[in-house]
Amino acid sequence: MEKFVIIGGNRLSGTIRVSGGKNSVLTILPACLLSGGVCTLHDVPKLSDVYVMKNVLESLGAKVDFTGNTMVVDATSVSNVELPDRLTRMMRASNLVMGPLLARFQYVKMAYPGGCSIGSRPMDQHLRGMKTLGAEIKEKHGFIEAKATRLVGSEICLDFPSVGATENILLAATLAEGVTVIRNAAREPEVVDLQNFLNQMGAKIKGAGTDVIRIEGVKKLNSVEYTIIPDRIEAGTFMVMGAITGGEILINNVIPEHIEAVISKLREAGVEINETDEGILVRGGKKRQGVDVKTMPFPGFPTDMQAQMMALMAVSEGTSIVTETIFENRFKHVDELRRMGADIKVEGRVAIIKGVKSLSGAYVETSDLRAGAALVTAGLVADGATVLDKVHLIDRGYENFEQKLRGLGAQILRVNGNGGKDKH
Ligand code: UD1
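Figured I'd write up the structure that's included with this text. For every chain, the first residue of the written sequence is number 1, and numbering continues from 1 along that sequence. Reporting of local features is limited, given that this is a predicted model, to residues whose pLDDT is at least 70; pairs of side-chain atoms are given and counted only at 80 or more, and all residues count toward the totals for whole chains, interfaces and linings. Only hydrogens and water are removed before side-chain values are computed, so all heavy atoms of the structure are retained for them.

Moving on to the layout of surface pockets. A cavity here means a set of points on a 1 Å grid, drawn over the protein atoms and nothing else, where a 1.4 Å probe fits but cannot get out; a pocket is an open set with protein on both sides within 12 Å along at least five of seven lines, and a residue lines either one if it has an atom within 4 Å of a point. Grid points are joined across faces, edges and corners, and a volume is the space filled by probe spheres set on the points. When its volume is computed, the second largest pocket comes out at roughly 420 Å³. Lining the second largest pocket are 21 residues, and of these Lys286, Arg288, Val315, Val356 and Lys357 lie nearest its centre. Broken down by class, the residue content of the lining of the second largest pocket amounts to six nonpolar, eight polar and seven charged. As a working rule, the residues Ala, Val, Leu, Ile, Met, Phe, Trp, Tyr, Cys and Pro are called nonpolar, Asp, Glu, Lys and Arg charged, and the rest polar, with Gly in that last group.

As C-alpha cells, then:
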C-alpha cells in the first residue's frame with residue numbers, strides 16, 4: 001500500500017491551479033447517460049473516483065475516452081441497466097446512475113451501497129423521490145430494483161437537503177412527463193453545475209442554488225461540450241495548508257462564492273485572504289486563533305472541510321469547538337491527530353480542541369479522503385517525519401496532490417508505488 005512521507009516545517013509559497021470539481025463530475029457523468037448522444041467534458045480531474053464512474057458507465061455500454069483532462073462519453077449504445085455489484089460497493093456516488101437509467105430505460109437494478117467510514121448513508125430520500133415520480137421500488141437480498149412504465153412529474157419535499165438525493169431526483173425528472181418541483185433541495189454549487197449542464201443539453205430546469213428546483217420534463221436531450229467547475233474543497237484544503245504553514249499562496253481557478261464559509265472562518269482565525277482577479281491570495285501570518293466551526297449544508301461550512309480545519313485548530317491559540325452535523329461518524333482523524341500531539345476530546349458529534357504549540361511527526365493512517373487531507377495538513381507543520389498510510393483514499397479526491405504540494409515547497413514523497421498514476 002502506498003504511503004506519504006512528509007517532512008514538516010516548510011512554509012508553502014507559490015501558485016497552484018485547482019482541478020475540476022470531483023463532486024460535479026461525479027454527477028455530470030451519470031447525466032451523460034440521459035443524452036443518448038456524445039458529451040465532451042473539459043477539466044475532468046484524474047481521480048480514482050472518476051475512474052470508477054468511468055468504469056460504471058462503460059459497464060452499462062457507454063464508450064468513454066479520457067485523454068488529458070477531457071472526457072468524451074458516447075452513451076448511444078447504452079443498453080445494460082444492471083450495475084455491477086463490485087462498482088456500487090467501491091463508490092457510493094455510483095448510485096447517481098439510478099435517476100438517468102430509470103428515466104431513459106424505465107428500469108435499473110443495483111446493489112445497495114455499503115456502509116461508509118463516515119457513518120451509515122441511507123438512500124431513503126433518493127428512493128422516496130423515485131417512487132413519487134411513479135417508480136416501483138423493490139429492496140431484496142441487498143439489491144434495489146426500480147421500474148416504471150413512465151415517470152410523471154410531481155412535488156417532492158426532502159426531509160433533509162441531501163445532495164445526492166437532489167441530484168438523482170433532478171436527473172430522473174429531466175425526462176419525466178410534466179413538471180417536478182423539489183423542495184428543501186440541496187443548494188450546493190455542484191447541483192447548480194448539474195442544472196447548467198442539463199440545460200445546455202436542452203433540459204428545462206430552474207432554481208438550482210435555491211431550495212426549490214423546478215424541472216419541466218423534456219422528451220430528448222442533445223450532445224454537448226461542457227467545462228466542469230473548479231473543486232471548492234481542493235481550494236479550501238490548499239487555503240488551510242497555506243494558513244497552517246504561515247505561507248503565502250495564490251490559488252487559481254477558484255470561485256470564491258463557493259468557498260465563502262471557509263474564507264470567513266479562516267479570516268476569523270486571523271488568516272489574511274484577498275480575493276484578486278487572479279485568484280485567492282492566502283497569507284498565513286505568524287499565528288492563528290482557534291475558532292468554532294459547525295458543519296452545515298451549503299452555504300454553511302462544508303463537512304468535507306471539517307477535518308482539515310480541525311488540523312489547523314490543533315495548532316491555533318486557545319480552544320475551538322467543532323460540531324459535525326452532516327455525518328454521524330466523521331471524527332476518525334481525531335485519534336490520528338492525537339498521535340501527532342494534538343489535544344482533542346470528542347463528545348458525540350462535538351470535538352473540543354485545545355491548541356498546542358507544535359505537533360510531532362508520527363506514523364498515521366487515514367480512514368477516508370478528507371481525514372487524509374487533514375493528516376497531510378498536520379504533517380506539513382509537524383516536527384520531523386510523518387508517515388501517512390492508505391493514501392489511495394486521498395487519490396479519490398485530489399489530483400496530483402503531492403506534485404502540487406511539492407510545487408509550493410512542501411517536502412512530501414509517495415513511497416511503495418509509482419505515484420498512483422498507472423494503476424487504472
Ligand atoms: C455529497 C458529497 C460529499 C459530501 C456530502 C455532504 C458527492 C459525490 N459527495 O455526498 O462529498 O460530504 O454531499 O455535503 O457529491 N441521507 C439520508 N438519506 C438519504 C440521503 C442522505 O439520511 O437518502 C443523509 C446522509 O446519511 C448524510 C446526510 O444525509 O448524513 C448528507 O448526505 P448527502 O447530502 O446525501 O451526501 P452525499 O450526496 O452522499
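Next, the rest of the story.
What the four strands build is an open sheet, ordered β17-β18-β20-β19; its pairing is mixed. Strands at the two margins of the open sheet, each flanked by one partner only, are β17 (293-294) and β19 (343-347). Two strands form a pair only when DSSP identifies at least two bridges running between them. Starting at the N terminus, helices and strands are each numbered in turn, a helix being any DSSP run of H or I of at least four residues and a strand any DSSP run of E of at least two. Examined bridge by bridge, β19 and strand β20 (residues 350-354) share five bridges and lie antiparallel to one another. Counted as the bridge partner of Lys345 is Ile352 from β20. Whether two residues are in contact is decided by their heavy atoms, any of which lying within 4.5 Å being enough. Here an axis means a line fitted to C-alpha atoms, over the contact stretch when the element is a helix, while the angle between two N-to-C directions is reported on a 0 to 180 degree scale. On top of the sheet, helix α10 (residues 306-314) reaches β17, β18 (319-323), β19 and β20; it is set at about 30° to β20, its chief contact.

For the rest of this paragraph, the subject is the state of the cysteines. Disulfide: a pair of cysteine sulfur atoms within 2.5 Å of each other. Under the criterion given, the structure shown has zero disulfides. Cys39 takes part in no disulfide bond, and the closest cysteine sulfur, belonging to Cys32, lies 4.1 Å away.

On to the packing of helix α1 (residues 22-32) against helix α7 (residues 189-201), then. The description of two packed helices rests on the angle between their axes and on the distance between the axes. Axis separation between α1 and α7 bottoms out at 9 Å; the angle between their running directions is 30°. Taken together, α1 and α7 sit at an angle that is classed as roughly parallel. The two elements α1 and α7 cross, and the hand of that crossing is right-handed. Residues Asn23, Ser24, Thr27, Ile28, Ala31 and Cys32 of α1 lie in contact with α7, whose contacting residues are Glu190, Asp193, Leu194, Phe197, Leu198 and Met201. If an angle is under 35 degrees, it is roughly parallel; if it is over 145, roughly antiparallel; if it lies from 65 to 115, roughly perpendicular; otherwise it is oblique. Note on convention: the crossing is left-handed when the near helix lies turned anticlockwise from the far helix by less than a right angle, right-handed when the turn is clockwise.

Now for the pairing of strand β12 (residues 212-216). The side-chain alternation of β12 yields one buried face, formed by Ile213 and Ile215, and one unburied face, formed by Val212, Arg214 and Glu216. By the bridge criterion, five bridges tie strand β10 (residues 179-183) to β12 in an arrangement that is antiparallel. Bridge pairing in β12 links Thr180 to Ile215. Of the strand pairs in this sheet, strand β11 (residues 204-206) and β12 are connected by three bridges, and their pairing is antiparallel. Its bridge partner lying in β12, Ile205 is registered against Ile215. From the end of β11 to the start of β12, which pair antiparallel, there are five residues, and Gly207 there has a positive phi angle of about 100°. Categorising residues by exposure relies on relative accessible area from a 1.4 Å probe, with only protein chains included: less than 20% of the type maximum marks a residue as buried, more than 50% marks it as exposed, and the intermediate range marks it as partly exposed.

The four strands lie next to each other as β4-β5-β3-β13, forming an open sheet whose pairing is mixed. Of all the strands in the sheet, just β4 (63-67) and β13 (225-227) have a single pairing partner and so form its edges. Strand-to-strand twist across the sheet, computed as the mean angle between neighbouring axes with direction ignored, equals 15°. In this structure, β4 lies alongside strand β5 (residues 70-74), joined through five bridges in antiparallel fashion. Looking at β5, one finds that Phe66 is bridged to Met71. In the packing of α1 onto the sheet, contacts are made with β3 (38-42), β5 and β13, and the angle to β3 comes to roughly 165°.

Summary of the distance rule: residues count as near a molecule or strand when at least one heavy atom falls within 4 Å of that molecule or strand. Taken together, 19 residues form the shell around the ligand, and within it Asp124, Gln125, Ser162, Asp304 and Ile326 come nearest. Here an oxygen atom of the ligand and a backbone polar atom of Gly164 are 2.7 Å apart. We get accessible surface area from the Shrake-Rupley algorithm with a probe of 1.4 Å; when it comes to residues, only the shown protein chains can shield them. Considering the ligand on its own, with 740 Å² of exposed area, one finds that the protein chains cover 84% of that surface. No other element matches the three residues that helix α5 (residues 124-132) contributes to the shell around the ligand. When grouped by side-chain class, the residues that make up the shell around the ligand number seven nonpolar, seven polar and five charged. Note: domain ranges come from an automatic or database domain assignment. For the shell around the ligand, the two domains that each supply at least three residues are domain 1 (3-18 + 230-415) and domain 2 (22-227). Here a polar contact is taken to be a pair of N or O atoms separated by no more than 3.5 Å, where protein atoms must pair a possible hydrogen donor with a possible acceptor and residues adjacent in sequence count only if both atoms sit in side chains.

Turning our eyes to something else, we now look at α5. For α5, the complete set of buried residues consists of Gln125, His126, Leu127, Gly129 and Met130. Looking at the packing, one finds that the buried side of α5 touches α4 (98-105), β7 (136-140), β8 (143-147), β9 (155-157) and α6 (163-173). Looking one or two residues past α5, Gly134 carries a phi angle of roughly 110°, positive in sign.

This brings us to the environment of Gly142. Along the polypeptide, Gly142 turns up in the loop between β7 and β8. In this structure, the C-alpha to C-alpha distance between Gly142 and Asp85, residues 57 residues apart in sequence, is 9.9 Å. Those residues in contact with Gly142, other than ones at most four positions away along the chain, are Met110, Ala111 and Tyr112.

This brings us to empty space enclosed by the protein. For the structure shown, the criterion picks out two cavities of 30 Å³ or more. Along its surface, the largest cavity is lined by Gly21, Lys22, Asn23, Glu190, Asp231, Arg232, Ile233, Asp304 and Arg370. Looking at the lining of the largest cavity, the elements with two or more residues in it are α1 and α8 (232-244). Residue composition of the lining of the largest cavity, grouped by class: one nonpolar, two polar and six charged. Each of domain 1 (3-18 + 230-415) and domain 2 (22-227) gives at least three residues to the lining of the largest cavity. By volume, the second largest cavity amounts to about 30 Å³. If you trace the second largest cavity, you find it lined by Thr303, Gln306, Ala307, Arg330, His333, Asp368, Arg370 and Ala371. Contributions of two or more residues to the lining of the second largest cavity are made by α10 and α12 (369-379). In terms of residue class, the lining of the second largest cavity is built from two nonpolar, three polar and three charged.

Without other data, these values stay purely geometric and don't point to any function.
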